[in-house]
Amino acid sequence: MVINTSQDEKIWTQEWDKLSTESEIRIWDFFGLRQWITKFTPRYGKTIEAGCGLGRYVFYLSKMGIDIEGVDFSESVIERLNQWKSVNGYDCKFHKGNILNLDYSDNSISGYISLGVVEHFIDGPQEALAEAYRVLRPGGVAIISTPNISFYIFTQKIREKFKNIIKKIIRHKGPKELFHQYWYRPKKLSRFMREAGFDVRVGRGADIQFVFCEMGNYTDKYLKKGTFGYRFSNKFENTPIASIGAQSITISIKRAPLMHCFLCGELNAGESSLENYSIPVCDNCSNNKVSAFYLKHKKTKYGKEYIINPELNANSKRVCEFCNSEYLTDRIFEDFGFSKNVCSDCLKKPEVNIELCIEHIKPIWRERPPI
Ligand SMILES: [Zn+2]
Ligand SMILES: [Zn+2]
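*Asks:* Looking at this structure, how should I read the overall build of the protein chain?
*Replies:* When its secondary structure is counted, the protein chain shows 13 helices and 15 strands. Radius of gyration (C-alpha) of the protein chain: 21 Å, near the 21 Å computed for a compact globule of 371 residues. In terms of overall dimensions, the protein chain has C-alpha extents of about 70 × 50 × 40 Å along its principal axes. The buried share among the 371 residues of the protein chain stands at 41%. Sequence-distant contacts in the protein chain: of pairs separated by 6 or more residues, those separated by 24 or more amount to 68%.

See the structure below:
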């Protein structure tokens, strides 16, 4: 018999109660997906994060001027988020909601982000993905990740199978099985997306580093500079070897003959633009230099090397490399995780933040600080 607690609001609330928004933000690349999420979140129209937890991405993306709302089914998390938001002066929105039945009308939003959520349904992710498809407007982008069967998880699963065989042999009656989540390989997640009607533009593995983090029991044991884990994850993160990483990620489009252009938001991008670009681009915007970042074969750069456990760097004086004004680094987001200095006003401009997210991401990993 399988006990399914994966949709139990109380259990999730208890988990979130052990953590804080600030502690989650300060881990930075804990889920190694920042380059994909920031590159492909639409700069125009509304984006939602379905299953936003403590809201790290909602707050981060709102710093980039993105109109974003967080949805979560835990009432207590939503209360905490609204409180954190008003204390720290953010203008993003949060509300309690069910991701199988969202409070948005058909074809109304431009971005749907969901990170490590859809694998928690015992019947599979189909219903949640159908709902994502419904609310996205034509040309809208779905950014979905789930855990992957990484090489670590793979060995864990084999161990478990072996244990079960032994138990059967000695006729041991084990405890009831608990369902928490599935692990989907990138190919499987991509297939679910296509079955829901999406055009999958990116479907790949990511985050080799987190596998070593898990192996070191969530410490920096195998992540320290010079260790095998450090060298391996730096070398292979942006190569096909990332298919054995900890996450599967898909970037998908709600395709239609006429779509909202990713770069200006207007309903004027044709399907033919998807031959050259990862996202829908209208004729006007294809002349814009930012469009080159979205050419289908353009690779995102992910910094040079991971910076492990750096000192906190809040409120230090910098000069913005886009407008030359002096500013203080952010109290929570420090230098926003970029290798180029940017003030909070410039960060809100799409032409600035797109360049930063594709060319200047500084990968950071920091141990989860005590809350
Ligand atoms: Zn356009
Ligand atoms: Zn500036």
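*Asks:* Mind showing me how you'd approach the pairing of strand β3 (residues 68–72) here?
*Replies:* Residues in a regular strand point their side chains to alternate faces of the sheet. Counting buried positions along β3 gives five out of five residues, so the element sits mostly inside the fold. Burial along β3 is two-sided: I68, G70 and D72 facing one way and E69 and V71 facing the other are all buried. In the classification by handedness, the crossover that spans strand β2 (residues 47–50), the intervening helix α4 (residues 56–63) and the parallel β3 is right-handed.

*Asks:* Looking at this structure, how should I read the domain arrangement of the protein chain?
*Replies:* Where the parts come together, the accessible area they lose is often given as the size of the interface. Each assigned domain of the protein chain is listed here: domain 1 (2–207 + 246–255) and domain 2 (304–361). Summarising the inter-unit geometry, the C-alpha centres of domain 1 and domain 2 are found 26 Å apart. Contact with domain 1, which involves 13 residues of that partner, is made by twelve residues of domain 2. Elements that contribute at least two residues to the side of domain 1 that touches domain 2 include exactly α2 (21–27), α3 (34–40) and α4. With four residues, the top contributor of residues to the side of domain 1 that touches domain 2 is α3. Grouping the constituent residues of the side of domain 1 that touches domain 2 by class yields four nonpolar, four polar and five charged.

*Asks:* It is not clear to me how the sheet that holds strand β9 (residues 247–253) should be interpreted in this structure. Could you clarify?
*Replies:* Neighbouring strands of a sheet are bound in pairs by backbone hydrogen bonds; such pairs are parallel or else antiparallel. The sheet built from seven strands is open, its strands ordered β4-β3-β2-β5-β6-β9-β8 with mixed pairing. The sheet is open, and its two borders are formed by β4 (93–96) and β8 (199–206), each paired with just one other strand. On average, adjacent strands in this sheet sit at an angle of 15° to one another, irrespective of strand direction. Bridge count between β2 and strand β5 (residues 109–115): three bridges; the pairing is parallel.

*Asks:* Just to check I follow, could you spell out helix α5 (residues 75–88) for this structure?
*Replies:* One turn of an α-helix holds 3.6 residues; hence residues three or four places apart share an orientation. The end-to-end C-alpha distance of α5 is 20 Å, a good match for the 20 Å that 14 residues give at a rise of 1.5 Å each. Regarding α5, the residues found buried are V77, L81 and K85. Summarising the axial view, the buried residues of α5 lie within an arc of 70°, below the 170-degree limit, and thus occupy one face. Counted as exposed and oriented over 90 degrees from the buried face of α5: E75, E79, Q83, S86 and V87. The inward-facing, buried residues of α5 abut α1 (9–17), β3 and β4.

What counts and what doesn't
- Residues numbered from 1 in each chain as written.
- Chains lettered and ligands numbered in written order.
- Predicted model: local features only at pLDDT ≥ 70, side-chain atom pairs only at ≥ 80, totals over all residues.
- Helix = DSSP H or I, 4+ residues; strand = E, 2+ residues; numbered from the N terminus.
- Rg over C-alpha atoms; globule rule 2.2 N^0.38 Å.
- Buried ≥ 20, exposed ≤ 12 C-beta atoms within 10 Å, placed from the backbone.
- Contact = placed C-beta atoms within 7 Å.
- Right-handed = clockwise from strand over helix to strand, strands pointing away.
- Domains from an automatic or database assignment.
- Nonpolar A, V, L, I, M, F, W, Y, C, P; charged D, E, K, R; others polar.
- Pairing = 2+ DSSP bridges.
- Axes fitted to C-alpha atoms, helices over the stretch in contact; angles between N-to-C directions.
- Expected span 1.5 Å × (residues − 1).
- Arc of directions from axis to C-beta.

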